[in-house]
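Fold and contact review
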Amino acid sequence: MSPRKIDPERLKSALDAQLVALDEPAYDGPAATLPDALVAAVLAAYDRGRTPEREAARQAVRHLLDRLATAAPGRTVEVRVPPYAAVQAIAGPRHTRGTPPNVVEMDGHTWIRLALGRLTWDEAMANGAVSASGSRADLSAHLPL
């Protein structure tokens, strides 16, 4: 599954809205680093005990899910981060109909922390932050991104 095409204007708009909410100046860096800057801004909101701007959180989650799908291509595991996005990843047998046999689900904050290495897979599983079903639904070999 190829990553989604990112609209740089939409990404910059979401980033700038998040930065304004954090009382920080608008982004003036290169377009190539927009996704990572957005992830950092959303993480800063969480670190400050704030709820990130919805569009900023959505774009950050999607960016990191796309990175997972690129790093571990396949259709064996469906990784869901409602209400933001879901991807299929990990090589192996694929499903074609109905609910996939290997499903991982978590909230956006947990996904961002896992993807960046701020939370380990084992910690997330132990504290119930991740729901994982199926014999291949262990993402620990693919995290952090």
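So, here's what we can say about the structure. Worth saying up front: this structure is predicted, and the values here are computed from it rather than measured.

1. Re the packing of helix 1 (residues 8-21) against helix 2 (residues 34-47)
Contact geometry for helix 1 and helix 2: axes closest at 9 Å, N-to-C directions at 25°. It follows from the interaxial angle that helix 1 and helix 2 lie roughly parallel. The handedness of the crossing between helix 1 and helix 2 is left-handed. Taken together, the residues of helix 2 that come into contact with helix 1 (itself represented by Pro 8, Leu 11, Lys 12, Ala 14, Leu 15, Gln 18 and Leu 19) are Leu 34, Pro 35, Ala 37, Leu 38, Ala 41, Val 42 and Ala 45. Here the residues of the contact of helix 1 with helix 2 are counted per class, giving twelve nonpolar, one polar and one charged.

2. Focus on the pattern of salt bridges
Across all of its chains, the model carries eight salt bridges by this definition. The partner of Asp 16 in a salt bridge is Lys 12, and the shortest N-O contact between them spans 2.5 Å. Placement of both Asp 16 and Lys 12 in helix 1 is noted, with a separation of four residues, approximately one turn of the helix. For Lys 12, a relative accessible area of 28% translates into the label partly exposed. Here Arg 67 ties to Asp 36 by a salt bridge, and the two come within 3.9 Å at their closest N and O atoms. Remark: Asp 36 occurs in helix 2 and Arg 67 occurs in helix 3 (residues 54-71); sequence separation between them is 31 residues. What emerges from the salt-bridge pattern is a single network uniting Arg 10, Glu 55 and Arg 58.

3. Observations concerning unusual backbone geometry
With an omega of 5°, the peptide bond running from Pro 82 to Pro 83 counts as cis. If you trace the backbone, Pro 83 turns up in the loop between strand 1 (77-81) and strand 2 (85-89). In this structure, Pro 144 follows Leu 143 across a cis peptide bond, with omega equal to -5°. Its place among the elements puts Pro 144 in the segment after strand 4 (130-133). With a phi angle near 60°, Asp 23 is a residue other than glycine that sits in the positive phi range. The residue Asp 23 is located in the loop between helix 1 and helix 2 in this model. According to the relative accessible area criterion, Asp 23 is exposed, its value standing at 66%. Backbone geometry at Ile 90 places phi at a positive 75°, although glycine is not the residue there. Following the sequence through the fold, Ile 90 ends up in the loop between strand 2 and strand 3 (103-106).

4. Some points on helix 1
Between its first and last C-alpha, helix 1 extends 20 Å over 14 residues, near the 20 Å set by a 1.5 Å rise per residue. Along helix 1, the positions that sit buried rather than exposed are Leu 11, Ala 14, Leu 15, Asp 16, Gln 18 and Leu 19. Looking at the buried residues of helix 1, the elements they touch are helix 2 and helix 3. The N-cap of helix 1, judged by a side-chain oxygen 3.1 Å from the amide nitrogen of Glu 9 a few residues on, is Asp 7.

Rules used throughout
- Residues numbered from 1 in each chain as written.
- Predicted model: local features only at pLDDT ≥ 70, side-chain atom pairs only at ≥ 80, totals over all residues.
- Heavy atoms only, no water.
- Axes fitted to C-alpha atoms, helices over the stretch in contact; angles between N-to-C directions.
- Helix = DSSP H or I, 4+ residues; strand = E, 2+ residues; numbered from the N terminus.
- Parallel < 35°, antiparallel > 145°, perpendicular 65-115°, else oblique.
- Left-handed = near helix turned anticlockwise from the far one by under 90°.
- Contact = heavy atoms within 4.5 Å.
- Nonpolar A, V, L, I, M, F, W, Y, C, P; charged D, E, K, R; others polar.
- Salt bridge = Lys/Arg side-chain N within 4 Å of Asp/Glu carboxyl O.
- Buried < 20%, exposed > 50% of the residue type's maximum accessible area, 1.4 Å probe, protein only.
- Expected span 1.5 Å × (residues − 1).
- Polar contact = N/O pair within 3.5 Å; in protein donor to acceptor, adjacent residues only side chain to side chain.

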